[in-house]
Amino acid sequence: MADSRQLSNSLHDRGFVSRVASQVSLPYRRTNERQIVRHNGDLTVTFTAQGDEMPYGKWPRLFDAYLATMVTSQDSSYDTSRRRLYLGGTWRSFMKRLGANVGGSQLKVIRKQMENWFKTSYMVERVNDAESQGVAFQVGEGWRIDWLKDEPQDDVLPGFENWVEFGERFIEKVVCDNPVPVSLEALSKLGKSPMALDVYLWVNRRMLYLRESQLVPWQLLYQQFGSDSRMAKFKENFKKAVDRVTDAYPAVNVTISDERGVTLFPSRTSVPTTAQTRAAELLAKQSRKRSEQETAKPSKREVSEADIGRVLEHIEYGDDFLAARRHVVHGLTAGYAGKNIIDAWNSGERF
């Protein structure tokens, strides 16, 4: 299997994010709130901080993508029996897989964001006129990370590596419940802007099933993506995020109206889905088969009266001149050699 542990692979390399991450968002900046609520249609997700503060910014988002990619691709770094993700012998070596060079001050920021994310509780609810359902869980159940060790440990045993164990319901209801294919290169390009990451994940997922244009009003976007800014500032930030997304995901077709909101038009997904990949493989297989069949057939060609006459003079046709001529014309047009046409006539076969 190709190494999927680097979030800066080519555009054709697929990663994954959890479906929840493609629908609702953690905060972009530090907040004093211990609980935030996000809405998307009939989905409501309540995030509750159990650590020092609510996780925010790009690091929880990138780590979600890394985890979903490892689990979905059945990478050897993920132990399914323990729901344990091994991060390697050193934290710095792991962060390089996320495309980050970790310095002293940055290490403190990342450490706090990761630990706060592990301790965050989710309550995921779906409520409509017919029914309501929900599930609550915490992201992490256990972890052991030596944040400062930086010596190479190529031969370290798995039990002595850095690792995180995730909650059963988190893995089942978030990570493994219809994960969304994404471009790892796009994540790498958009990593500096948490809102751009969220917008990319959102529009990419919508393109999986969007069949006609759809307007999403500003108020719904505000509730979904969340903001501590006024609506005018939110619109400004959202437009900048869309510009970044269209640069990293050129196939997407999105327009923005200051008054109405954002209109999405059916577009190709950022990377092929499993179904799209299988369909493309089937089409390619059928195309190869047709090509082989066409190659095996004699090719048609234009024939002249002289060509027809040269073959006819070697055929005993008696009173069947028209039948013989038709046989010769069809044979030559189909690409058969004169000898084959003559032999076919003599054996009673007709073209």
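Residues numbered from 1 in each chain as written. Predicted model: local features only at pLDDT ≥ 70, side-chain atom pairs only at ≥ 80, totals over all residues. Heavy atoms only, no water.

The protein chain has the name Replication protein RepA in an unreviewed UniProt entry, where Bifidobacterium fermentum is given as its organism.

Peer 1: What is the right way to read the sheet that holds strand 5 (residues 84-88) from this model?
Peer 2: Strand-to-strand pairing in sheets goes through backbone hydrogen bonds, with the strands running parallel or antiparallel. In space, the four strands of this open sheet follow the order 4-5-9-8, with antiparallel pairing throughout. Each end of this open sheet is capped by a strand with a single partner; those strands are strand 4 (78-79) and strand 8 (140-144). Relative to strand 5, helix 1 (residues 58-72) is tilted by about 110°, and along the sheet it contacts strand 4, strand 5 and strand 9 (162-166). (Pairing = 2+ DSSP bridges. Helix = DSSP H or I, 4+ residues; strand = E, 2+ residues; numbered from the N terminus. Contact = heavy atoms within 4.5 Å. Axes fitted to C-alpha atoms, helices over the stretch in contact; angles between N-to-C directions.)

Peer 1: Could you clarify how one ought to interpret the sheet that holds strand 2 (residues 35-40) in this entry?
Peer 2: The antiparallel open sheet is built from four strands, whose spatial order is 2-3-6-7. Unpaired on one side and paired on the other, strand 2 and strand 7 (132-138) mark the two borders of the sheet. Ignoring which end each strand starts from, the neighbouring axes of this sheet average 15° apart. Taken together, the six bridges between strand 2 and strand 3 (residues 43-48) define a ladder with antiparallel strand orientation. Bridge pairing links Val-37 to Thr-46 in strand 3. Those strands touched by helix 4 (residues 168-175) are strand 6 (121-127) and strand 7, and its axis lies near 130° from that of strand 7.

Peer 1: Would you mind showing me how to read helix 6 (residues 194-206) here?
Peer 2: The periodicity of an α-helix, 3.6 residues per turn, causes residues three or four positions apart to be oriented the same way. The terminal C-alpha atoms of helix 6 lie 19 Å apart, and with 13 residues this matches the ideal 18 Å at 1.5 Å per residue to within 8%. Buried residues dominate helix 6, accounting for 13 of its 13 residues. (Expected span 1.5 Å × (residues − 1). Buried < 20%, exposed > 50% of the residue type's maximum accessible area, 1.4 Å probe, protein only.)

Peer 1: When you look at the side chain of Ser-267 in this model, what are you seeing that I'm missing?
Peer 2: By the secondary structure assignment, Ser-267 is in the loop between strand 13 (261-265) and helix 9 (274-296). Here the side chain of Ser-267 touches Asn-253 through a polar contact of 2.9 Å, landing on its backbone nitrogen. Side-chain polar atoms of Ser-267 contact the backbone oxygen of Phe-265, separated by 2.9 Å. Apart from residues lying up to four places away in sequence, Ser-267 is in contact with Met-207, Ala-251, Val-252 and Asn-253. (Polar contact = N/O pair within 3.5 Å; in protein donor to acceptor, adjacent residues only side chain to side chain.)

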